[in-house]
Amino acid sequence: MSTTDDRRLRIRLLGPLRVTRAGANPALGPARQQAVLAALAAWPDRAMPRAELIAAVWGDEPPPSAAGNLYTYISTLRRSLTPDGAPGPVLSSENGTYRLRAAAVDVDAWCFETFREEGLRLRADRDADGERAALTRALELWHGPEALDGVPGPDAANRREHLRELYLATVERHAQLTLDRGRAEELVEPLGRLVAAYPARESLHDLAMHALVRVGRRDEAVLLYRRLRNHLAAHTGALPAAPLRDLHAGLVAGHGRDPALPPRHPGFVGHTAETALLERALDDVAHGRGASIWIDGPSGSGKSALLAEGLRGATAHGCRVGWAVGDELARRVPYGLIIECLDDGNGGPDGPGPLRVAARDPNAAMTVVDEVRALVDARCAAAPLVLVADDLQWADDASLVVWHALHRLTATLPLLLVAASRPLPTSRELRLLRQALMRGGTRFVDVPPLSDEVAGRLVRHVAPAADARTVAEVVDSAAGNAQLLRHLATPGGDDALTAAVLRHLHPLRDETRHLLRVAAFLGADCPVAELPVVTGTPVPALVPAAEEALAAGLLVEDGGRLRFRYPVMRRVLYRSTPTALRVMMHRDFAQRIAESGGSAVRVAGHLAAGPVSVDAWIERWLLRHGEALSAAAPDLAEAVFRQALASPLLSARARDRIGTLAAGLRPAPRVTAACAGADT
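Residues numbered from 1 in each chain as written. Predicted model: local features only at pLDDT ≥ 70, side-chain atom pairs only at ≥ 80, totals over all residues. Heavy atoms only, no water.

1. Things to note about the overall build of the protein chain
From N to C terminus, the protein chain includes 32 helices and 13 strands. When its C-alpha atoms are laid out on the principal axes, the protein chain stretches across 90 × 65 × 55 Å. Here the protein chain, with 680 residues, has 46% of them falling under the buried criterion. Intrachain contacts of the protein chain at a sequence separation of at least 6 include 68% that bridge at least 24 residues. Counting 80 positive and 80 negative side-chain charges, the protein chain places the centres of these two groups 3 Å from one another. (Helix = DSSP H or I, 4+ residues; strand = E, 2+ residues; numbered from the N terminus. Buried < 20%, exposed > 50% of the residue type's maximum accessible area, 1.4 Å probe, protein only. Contact = heavy atoms within 4.5 Å. Lys, Arg positive; Asp, Glu negative; His and termini not counted. Charge placed at Lys NZ, Arg CZ, Asp CG, Glu CD.)

Structure follows, in structure tokens:
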């Protein structure tokens, strides 16, 4: 290795935090100092604002000493990490930001995700050996049971949870590939350790049970299922998923079997008209009549559950099924979704092997279409065929072209095409496909929000002990979104709820996510006129972000106001903002609204919501507008005045005046006593 390479920092996050340079491991100091380094290493060579770094390490309510401690930690780390004689510090600061000057390839967490993506590409190419090798390299990067083991702070905790989920998903896929190669004996012990560590993770139990069966230990597989069932019953009241129940039933009967379709979602309710439409389409295709259906709905509306419910009778109708689910990474692989859809796991001479070969040639588009047509024609000659593409918005462009070609075959073949898609993200190719299918007779179905009555049934299924008031509050907060209803109704599910809301926002542009967070601060009904005021952005520049939020179904326009379609989304966006940043935003918004001529009530609302510490501008504003505020909103005025009077920064003159205004708001002694008696 060259001298230059020796000077590079090698940073390990996948286990205890560790830095290597020239074969040595620099001291990283106390735990909080390590948390600073970990937060910077998670985004190498990115300038991180001081406030963001403080929130990452200390959370929503940092101590007064946080800024000083951060300065000390940065200085210490800079000395420790910068090689002797280096042209500049490894850790630099500029304009209130800090930057760790390291390459992503030198951070093991980034390499781990790169190998995972490589495995996904190879999976789409059906190169199982290559995929397994890529996943092996990814897993070899781990050198501890937990990422950032022992590193404190909310950022480390969130990243640890994210990486843990990626690690488990990678282990599971690697184990499946190992099982496929007949090497189950390699998996029994490591999977046994993992199911002990994650007693509620059903996917791990499924793999462990299959491994035990393959090595002739059927009774242990049955025992493992019973332990899982007992754990779930004790902690969630739920049964294991349908595939595991089927596997267990098969084991008890002496053999295992694989489910033909994705499992039905427990507690599925509502959408009776849409379910009936899919059931009629199955009956039609079983009698030789093809069709094309496109299901539209926002994230979490229940599209996947609807597909599983409405198409559950496909096997009973004698249909062969191909099922694919798009994802953000898969769209990088040409024809990936179509290949997954046609590879139903049955093998045989009509498998998609020739299609995989043709798909590797970027100039073979017509060849691929011809291969698909021939394959589908052969399958339809043997049995009615149902092809399902869930989350079609993530499909690669080449797969969309092939889907259009398949649509034309529904007129002459017993072929049922079912696609499901969100409003966003949308590409030019997806829009063109929609237009072509509309002209071609595809049936488009919008998944409506669940009615309050149906939503209440879902909440009571998830939380049987919930009282009527709790059910009503959950129903109001989720506005008929099935996914949000489930998360809201699940006890202790706040983290999962926050993650679900953030997944809703993930496909949006940064400008749109910022607009939504700002709107969350402006109230349940956000005045459109205040958006350019508080953001300092001209109206024309805000329009694209607002239109995207409206198109995604996250905001609803009502006259001159915007409101969140799902009230819980506004609450999550607001509460997930660190407290220090919330106070700063409320303080800034209050002044901007005041200087634009906004009402005293709107200004005071931000001052009270913070709570914002009194400064010179707030004092001047209260002296000028306190009397008008008292008349317009006495309760709000009292809260703001009380907050100001509690501040040691308030001047004597202002304290006298605001104290007088506050006293004028208090009820007379006789009325106060009467109220107190009534309360008692």
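2. Describing the confidence of the model for the protein chain
Of all residues in the protein chain, 90% have pLDDT values of 70 or greater, and the mean over the chain is 86. At the level of individual helices and strands, the protein chain shows its lowest average pLDDT in helix α32 (residues 669–679), which scores 29, and its highest in strand β6 (residues 291–296), which scores 97. Here residues 254–260 is modelled with pLDDT under 50, and outside its nearest four sequence neighbours on either side it reaches 8 contacts, counting other chains as well. Overall, residues 667–680 carries pLDDT values under 50, and its contacts beyond four positions in sequence, including any with other chains, amount to 1 contact. (pLDDT = per-residue confidence, 0-100.)

3. Overview of empty space enclosed by the protein
Vacant regions in the atomic arrangement are exposed by a probe of water-molecule size rolled over the atoms. Scanning the entire structure with this criterion turns up 2 cavities of 30 Å³ or more. By volume, the largest cavity amounts to about 90 Å³. A per-class count over the lining of the largest cavity returns 7 nonpolar, 2 polar and 1 charged. If you add up the space inside the second largest cavity, you get close to 40 Å³. Taken together, Leu-607, Val-612, Val-614, Ile-618, Leu-622, Val-640, Gln-643 and Ala-644 make up the lining of the second largest cavity. (1 Å grid on protein atoms, 1.4 Å probe; cavity = no way out; pocket = protein on both sides within 12 Å on 5 of 7 lines; lining within 4 Å. Points joined across faces, edges and corners; volume = space filled by probe spheres on them. Nonpolar A, V, L, I, M, F, W, Y, C, P; charged D, E, K, R; others polar.)

4. Topic: the sheet that holds strand β13 (residues 561–564)
Whenever strands of a sheet pair, they do so through backbone hydrogen bonds, lying parallel or antiparallel. Strand order in the open sheet formed by 3 strands is β11-β13-β12, with antiparallel pairing between adjacent strands. Two strands in the sheet have a free side with no partner beyond their single neighbour: β11 (525–527) and β12 (555–558). Each neighbouring strand pair of the sheet contributes to a mean axis angle of 30°, computed without reference to strand direction. (Pairing = 2+ DSSP bridges. Axes fitted to C-alpha atoms, helices over the stretch in contact; angles between N-to-C directions.)

5. What to know about the layout of surface pockets
Its boundaries defined by the atoms lining it, the second largest pocket holds a volume of some 320 Å³. Ranked by the residues each element gives to the lining of the second largest pocket, the list is headed by helix α18 (residues 428–439), at 3 residues. Partitioned by chemical class, the residues of the lining of the second largest pocket number 10 nonpolar, 7 polar and 6 charged.

6. Remarks on helix α23 (residues 510–521)
An ideal rise of 1.5 Å per residue puts 16 Å on 12 residues; α23 measures up with 17 Å between its terminal C-alpha atoms. Among the residues of α23, Thr-512, Leu-515, Leu-516, Val-518, Ala-519, Ala-520 and Phe-521 are the ones counted as buried. (Expected span 1.5 Å × (residues − 1).)

7. What about the sheet that holds strand β9 (residues 415–421)?
Spatially, 5 strands are ordered β7-β8-β9-β6-β10 in an open sheet, and the strand pairing comes out parallel. If you trace the sheet from one side to the other, it starts and ends with β7 (320–325) and β10 (443–446), each paired once. The average angle at which neighbouring strand axes cross in this sheet is 15°, direction not considered. Running at roughly 130° to β6, α18 makes contact with β6, β9 and β10 of the sheet.

8. Focus on the pattern of salt bridges
Tallied over the entire structure, the rule returns 30 salt bridges. A salt bridge links Glu-279 to Arg-312, with the shortest nitrogen-to-oxygen separation between them at 3.3 Å. Of this pair, Glu-279 sits in helix α12 (residues 272–286) while Arg-312 is found in the loop between α13 (303–310) and β7, placing the two residues 33 residues apart along the sequence. Of the charged contacts in the structure, one is a salt bridge between Arg-434 and Asp-296, with a shortest N-O distance of 2.7 Å. Here the residue Arg-434 occupies a position in helix α18, and Asp-296 occupies one in strand β6, the gap between them amounting to 138 residues. What you see here is one network of salt bridges that share partners, running through Asp-45, Arg-99 and Arg-101. (Salt bridge = Lys/Arg side-chain N within 4 Å of Asp/Glu carboxyl O.)

9. Comments concerning the packing of helix α7 (residues 154–180) against helix α9 (residues 202–214)
Where α7 meets α9, the axes come as close as 10 Å, and the angle between the chain directions of the two elements is 25°. Considering the angle they form, α7 stands roughly parallel to α9. For the pair α7 and α9, the sense of crossing is left-handed. Within the contact between the two elements, α7 uses Leu-168, Glu-172, Ala-175, Gln-176 and Leu-179 and α9 uses Ser-203, Leu-204, Leu-207, His-210, Ala-211 and Arg-214. Partitioning the contact of α7 with α9 into residue classes produces 6 nonpolar, 3 polar and 2 charged. (Parallel < 35°, antiparallel > 145°, perpendicular 65-115°, else oblique. Left-handed = near helix turned anticlockwise from the far one by under 90°.)

10. What to know about unusual backbone geometry
Even without a glycine there, the phi angle at Asp-45 is positive, about 60°. Structurally, Asp-45 can be placed in the loop between α2 (31–41) and β3 (48–49). The residue Ala-479 is not glycine, and still its phi comes out positive at about 50°.

11. With respect to the side chain of Asp-296
A relative accessible area of 11% places Asp-296 in the buried class. For Asp-296, the side chain forms a polar contact with the side chain of Trp-294, separated by 3.2 Å. Each residue touching Asp-296, except ones within four places of it in the same chain, is listed here: Lys-303, Ser-421, Arg-434, Phe-444, Val-445, Asp-446 and Val-447. (Polar contact = N/O pair within 3.5 Å; in protein donor to acceptor, adjacent residues only side chain to side chain.)

12. Regarding the pairing of strand β8 (residues 385–390)
Summarising burial for β8: 6 of the 6 residues are buried, a large majority. Residues of β8 alternate between two faces, with Leu-385, Leu-387 and Ala-389 on one and Val-386, Val-388 and Asp-390 on the opposite face, all of them buried. One ladder, built from 6 bridges, connects β7 with β8; its direction is parallel. Counterpart to Arg-320 in the pairing with β8 is Leu-385.

13. A short note on the packing of helix α29 (residues 616–632) against helix α31 (residues 652–665)
Taken N-terminus to C-terminus, the directions of α29 and α31 make an angle of 15°; their axes are 10 Å apart at the nearest point. Taken together, the axis directions place α29 and α31 in an arrangement best described as roughly parallel. Like other packed secondary-structure pairs, α29 and α31 cross with a definite hand, here left-handed. Together, Glu-619, Leu-622, Leu-623, Gly-626, Glu-627 and Ser-630 of α29 and Arg-653, Ala-654, Arg-657, Ile-658, Leu-661 and Leu-665 of α31 make up the contact between the two elements. Residues that form the contact of α29 with α31 fall into these classes: 6 nonpolar, 2 polar and 4 charged.

14. So, α29
Here α29 spans 23 Å end to end across 17 residues, near enough to the 24 Å set by a 1.5 Å rise per residue. Trp-617, Ile-618, Glu-619, Trp-621, Leu-622, Gly-626, Leu-629 and Ser-630 are the residues of α29 that are buried. Against α27 (579–595), α28 (600–609), α30 (634–645) and α31 lie the buried residues of α29. The opening residue of α29 is Asp-615, an N-cap whose side-chain oxygen sits 3.2 Å from the backbone nitrogen of Trp-617.

15. Section: the packing of aromatic side chains
Across all of its chains, the model carries 7 aromatic pairs by this definition. Ring geometry for Trp-294 and Phe-444: centres 5.3 Å apart, planes at 25°, overall stacked. One end of the pair, Trp-294, is in strand β6; the other, Phe-444, is in strand β10, and 150 residues separate them in sequence. Trp-294 gets classed as buried once you look at its relative accessible area, which sits at 1%. The exposure class of Phe-444 is partly exposed, given its relative accessible area of 23%. Grouping aromatic residues by their ring pairs yields a cluster made of Phe-112, Trp-142 and Tyr-167. We note Arg-434 situated over the ring of Trp-294; from NZ or CZ to the ring centre the distance is 5.3 Å. (Phe/Tyr/Trp six-rings, centres within 6.5 Å; stacked < 30°, edge-to-face > 60°. Lys NZ or Arg CZ within 6 Å of the ring centre and 35° of its normal.)

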